[in-house]
Each structure stands twice: as C-alpha cells, then as structure tokens.
Amino acid sequence: MEEVTESLQNITISNDSQKKNRIQVSNTKKPLFFYVNLAKRYMQQHNDVELSALGMAIATVVTIAEILKNSGFAVEKKIMTSTVDIKDESRGRVIQKAKIEILLGKTEKFDELMAAAEEERELANGEEQS
C-alpha cells in the first residue's frame, strides 16, 4: 500500500484547459484578424500556439491557420479532431459537437516578418502625424 501511495505522490496531472498558448476560437465573439494577431503574439511568447474550436467555429480556426501559414508566419505541427459531449441546456440532453485543435509553430522567418510588420506600422503612424 505504501508503494501505491508513493507512486501517486509522484504523478502530476496536467489540465489541458490551463494551457497558456491555447486560443479557444468563437465564430461570433471577435473578428477574424483579432485571432490572427493574437496567435502571432502567442507564437512570439511561446514559439507555438494551439488553436481550438467547436462546431461552427471550426471553419474560422482553419481560416486563421491558413492565413498564418500562407503569410509565412506559421508551420503546421499537429491537427487533432474529436467529438465532445455538451449538455444542451434548452433541451436538457447531451449533444455531440465536433472539435478541432491545430498546433502551429513559428517559421524560421517569423521574427523577420514581425519586425517588418512593426516597421510598416511605425511608418504609417509617422505619416498620419505629419
């Protein structure tokens, strides 16, 4: 019994919902480029970002990932799909929803692209003020 207790003390439980580099995307709450820019910031901080969505928001996540990939900021590391049970409060029953998680990592030229974008923003701000 002591061996079991010792083993249990050495186990650490990771909670996926507490990931610091995860963005849970909704297709109604924020505009598309809010998520694109947020993903860039997360990649700056953590080197990768996990985009996650349920149901109708899956198309939004795929679009965000494609924008980041096609503009040279990200590479696809992993795509996971599943279904999750969600309680429908209005009907009082459990329904299944599709879920997608896309893990993106920084490209080699990520920092270079970010610096160029920042430079463009500064130039545009300078022109507005003059």
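Basis of the calculations
- Residues numbered from 1 in each chain as written.
- Predicted model: local features only at pLDDT ≥ 70, side-chain atom pairs only at ≥ 80, totals over all residues.
- Heavy atoms only, no water.
- Core = buried A, V, L, I, M, F, W, Y, C linked by side-chain atoms within 4.5 Å.
- Buried < 20%, exposed > 50% of the residue type's maximum accessible area, 1.4 Å probe, protein only.
- Helix = DSSP H or I, 4+ residues; strand = E, 2+ residues; numbered from the N terminus.
- Contact = heavy atoms within 4.5 Å.
- Salt bridge = Lys/Arg side-chain N within 4 Å of Asp/Glu carboxyl O.
- 1 Å grid on protein atoms, 1.4 Å probe; cavity = no way out; pocket = protein on both sides within 12 Å on 5 of 7 lines; lining within 4 Å.
- Points joined across faces, edges and corners; volume = space filled by probe spheres on them.
- Nonpolar A, V, L, I, M, F, W, Y, C, P; charged D, E, K, R; others polar.

## Describing the nonpolar core
Argument step 1. Within the largest apolar cluster, 22 residues are counted, with the highest numbers of intra-cluster contacts made by I23, L51, L68 and L104.
Argument step 2. Looking at this core, the elements with two or more residues in it are helix 2 (32-46), strand 2 (48-54), helix 3 (58-70), strand 4 (93-106) and helix 4 (110-129).
Argument step 3. At 5 residues, helix 2 tops the list of elements feeding residues into this core.
Argument step 4. Ignoring anything within four residues of it in the chain, the contact list for L51 reads I23, A39, V61, I64, A65, I100, E101, I102 and L104.

## What about the pattern of salt bridges?
Argument step 1. Taken as a whole, this structure holds 9 salt bridges when the rule is applied.
Argument step 2. With a closest N to O distance of 3.2 Å, D88 and R91 form a salt bridge.
Argument step 3. Linking K99 and E101 is a salt bridge whose minimum nitrogen-to-oxygen distance equals 3.9 Å.
Argument step 4. Here the salt bridges share partners, and the residues they tie into one network are R22, E50, K99 and E101.

## A few points about the layout of surface pockets
Argument step 1. Considered as a void within the structure, the largest pocket measures approximately 180 Å³ in volume.
Argument step 2. Lining the largest pocket are Q24, V25, S26, K29, S52, A53, L54, V84 and K99.
Argument step 3. The dominant element in the lining of the largest pocket, judged by the number of residues it contributes, is strand 2, at 3 residues.
Argument step 4. Considering only residue class, the lining of the largest pocket consists of 4 nonpolar, 3 polar and 2 charged.

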